[in-house]
Amino acid sequence: MQIKRQAVEFDPDMTDRPALALQLDFKDYSTEIPVHRHRKGQLVLALHGAVTCQITDELSQKSGGQSGKGMWMVPPNCGVWIPSGVAHCNHATDNARLTFLFVDPLAAAMPQQCCTLSISPMVREMIRHLSTLSPDYTDDSHTARLVRVLLDELVLMPKEDFHLPVPDHPKIRLIADFLREDPADRATLAQWAKRVAMSERSLARLMVQETGLTFGRWRQQLHLIIALREISGGTSVQAIAEMLGYESPTAFITMFKKALGQTPTRYLAALTSDEHP
């Protein structure tokens, strides 16, 4: 995929450099980046606002386990790692400022599956600085030395759980598509089973088999991803609670704190502070 770099179309896969970075401010771009893939692995880093990555094929599932397909949330100071060749699309908030780090598959021992990484302030600033430098650096240059240190640090970054598995099974995908359009729908598992012409027990078993999560935990994960995206985009807690169908902001805050250990406001403040949580 070609990306504008200083008003010039630039394809990150056309260079053999081990890593390069690009920064985009989405007030200057469409918030939708269509489905594409790269030869290089890609880290999508949110410097401000938030972005949701949709993984659209199975190439991220390299060694068994649940499907790599689904939604991946990139809150501030985190990044989604997308391995080489994985088809994906991005949806950013209007206030998003993102940096894309492209890494050659042979340059670092990065994860073989998609994942969300917690990015330290030092690594974040190194990536931001790299985005200001020419991608045509030589092996013995200062930029090359910066890249080597950056990749050494990047492989140490811890993983975060901001993933919603969305497999190809038509009944689960139907539920996922509906709830993405109307996350306030509070239908029970039994009600959903009737909608998709299954028994409640069969749907419960199918959900765990296909996603690794119970229906209740899977829907909560969807709500958390939507909530993090909206909070990062500046939406109020009250509006998010209504959007997700909670009876009150207090009920939403209780769910959020139980899942992530902090209230929405404190969680976002911790992510956007200079001190990494």
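Here the structure is a predicted model, which is why all the values come from computation and not from measurement.

(A) Structural context of the overall build of the protein. On a plain count of helices and strands, the protein comes out with nine helices and 13 strands. A burial count over the protein gives 51% of its 277 residues as buried. In the protein, the proportion of contacts linking residues at least 24 apart, taken out of those at least 6 apart, comes to 74%. Here the protein displays about 12,900 Å² of accessible surface, and carbon together with sulfur accounts for 52% of that area.

(B) Highlighting helix 2 (residues 142–154). In this model helix 2 runs 18 Å from its N-terminal to its C-terminal C-alpha over 13 residues, within 8% of the 18 Å that 1.5 Å per residue would give. Inspection of helix 2 places Thr143, Ala144, Leu146, Val147, Leu150, Leu151 and Leu154 among the buried residues, and these make up the whole buried set. Viewed end-on, helix 2 has its buried residues packed into an arc of 155 degrees, placing them on one side of the element. With respect to the buried face of helix 2, the exposed residues turned more than 90 degrees away are His142 and Asp152.

(C) Representation of unusual backbone geometry within the structure. The backbone of Ala197 shows a phi angle near 60 degrees, a positive value even though the residue is not glycine. Along the chain, Ala197 turns up in the loop between helix 4 (189–195) and helix 5 (200–211). Residue Ala197 is classed as exposed on the basis of its relative accessible area of 67%.

(D) Inspection of the packing of aromatic side chains at higher detail. Taken as a whole and judged by the stated rule, the model has five aromatic pairs. Ring geometry for Phe100 versus Phe102: centroids 6.4 Å apart, planes at 70 degrees, classification edge-to-face. Each of the two residues, Phe100 as well as Phe102, counts as buried. Clustering of aromatic rings is evident, with ring pairs tying together Tyr246, Phe252 and Phe256.

(E) The arrangement of the confidence of the model for the protein in detail. For the protein, mean pLDDT is 83; residues scoring 70 or higher make up 86% of the total. Every residue in residues 2–8 is under pLDDT 50, and counting partners more than four places away or in other chains gives 21 contacts. Note that pLDDT drops below 50 for residues 59–67; the model gives that stretch 26 contacts with residues more than four away or on any other chain.

(F) Representation of the state of the cysteines in the model. This structure, assessed with the given rule, holds zero disulfides. This cysteine, Cys89, is not joined by any disulfide, and Cys53 carries the nearest cysteine sulfur, 8.3 Å off. Sulfur of Cys115: no disulfide; nearest cysteine sulfur belongs to Cys114 and is 7.6 Å away.

(G) Quick look at the pairing of strand 6 (residues 51–55). Counting buried residues along strand 6, five of its five residues qualify, which places the element largely inside the surrounding structure. Here strand 6 shows no split at all, with Val51, Cys53 and Ile55 on one side and Thr52 and Gln54 on the other all buried. Where strand 6 and strand 7 (residues 70–74) come together, five bridges link them in antiparallel fashion. Bridge pairing links Ile55 to Gly70 in strand 7. Inspection of the sheet shows strand 6 paired to strand 9 (residues 88–92) by five bridges, in the antiparallel sense.

(H) Local environment of the nonpolar core. Counting residues in hydrophobic clusters, the biggest one holds 45 residues, and the most contacted among them are Leu101 and Leu154. The leading source of residues in this core is helix 2, at six residues. For Leu154, the residues in contact, after removing those within four places along its chain, are Leu43, Leu101, Met110, Ile119 and Val123. The next biggest cluster of nonpolar side chains, apart from the first, holds 36 residues, and it includes Ile175, Ala193, Trp218 and Ala227.

(I) Region of interest: the packing of helix 3 (residues 170–181) against helix 6 (residues 215–232). Where helix 3 contacts helix 6, the two axes come as close as 11 Å, and the packing angle between them is 40 degrees. It follows that helix 3 is oblique to helix 6 by the angle criterion. Between helix 3 and helix 6 the crossing geometry is right-handed. Between helix 3, through Ile175, Ala176, Leu179 and Arg180, and helix 6, the contact on the second element is made entirely by Phe215, Trp218, Arg219 and Leu222. A per-class count over the contact of helix 3 with helix 6 returns six nonpolar, no polar and two charged.

(J) Main features of the sheet that holds strand 3 (residues 19–25). Read from one edge of the open sheet, six strands run 3-10-5-8-11-12, paired in antiparallel fashion. Each end of this open sheet is capped by a strand with a single partner; those strands are strand 3 and strand 12 (159–160). Of the strand pairs in this sheet, strand 11 (residues 115–118) and strand 12 are connected by two bridges, and their pairing is antiparallel. Bridge pairing in strand 12 links Leu117 to Lys159. Contacting strand 3, strand 5 (41–48) and strand 10 (97–103), helix 2 runs over the sheet at an angle of about 100 degrees to strand 10.

Reading guide: rules and limits
- Residues numbered from 1 in each chain as written.
- Predicted model: local features only at pLDDT ≥ 70, side-chain atom pairs only at ≥ 80, totals over all residues.
- Heavy atoms only, no water.
- Helix = DSSP H or I, 4+ residues; strand = E, 2+ residues; numbered from the N terminus.
- Buried < 20%, exposed > 50% of the residue type's maximum accessible area, 1.4 Å probe, protein only.
- Contact = heavy atoms within 4.5 Å.
- Areas by Shrake-Rupley, 256 points an atom, 1.4 Å probe, with all protein chains shown as cover.
- Expected span 1.5 Å × (residues − 1).
- Arc of directions from axis to C-beta.
- Phe/Tyr/Trp six-rings, centres within 6.5 Å; stacked < 30°, edge-to-face > 60°.
- pLDDT = per-residue confidence, 0-100.
- Disulfide = S-S within 2.5 Å.
- Pairing = 2+ DSSP bridges.
- Core = buried A, V, L, I, M, F, W, Y, C linked by side-chain atoms within 4.5 Å.
- Axes fitted to C-alpha atoms, helices over the stretch in contact; angles between N-to-C directions.
- Parallel < 35°, antiparallel > 145°, perpendicular 65-115°, else oblique.
- Left-handed = near helix turned anticlockwise from the far one by under 90°.
- Nonpolar A, V, L, I, M, F, W, Y, C, P; charged D, E, K, R; others polar.

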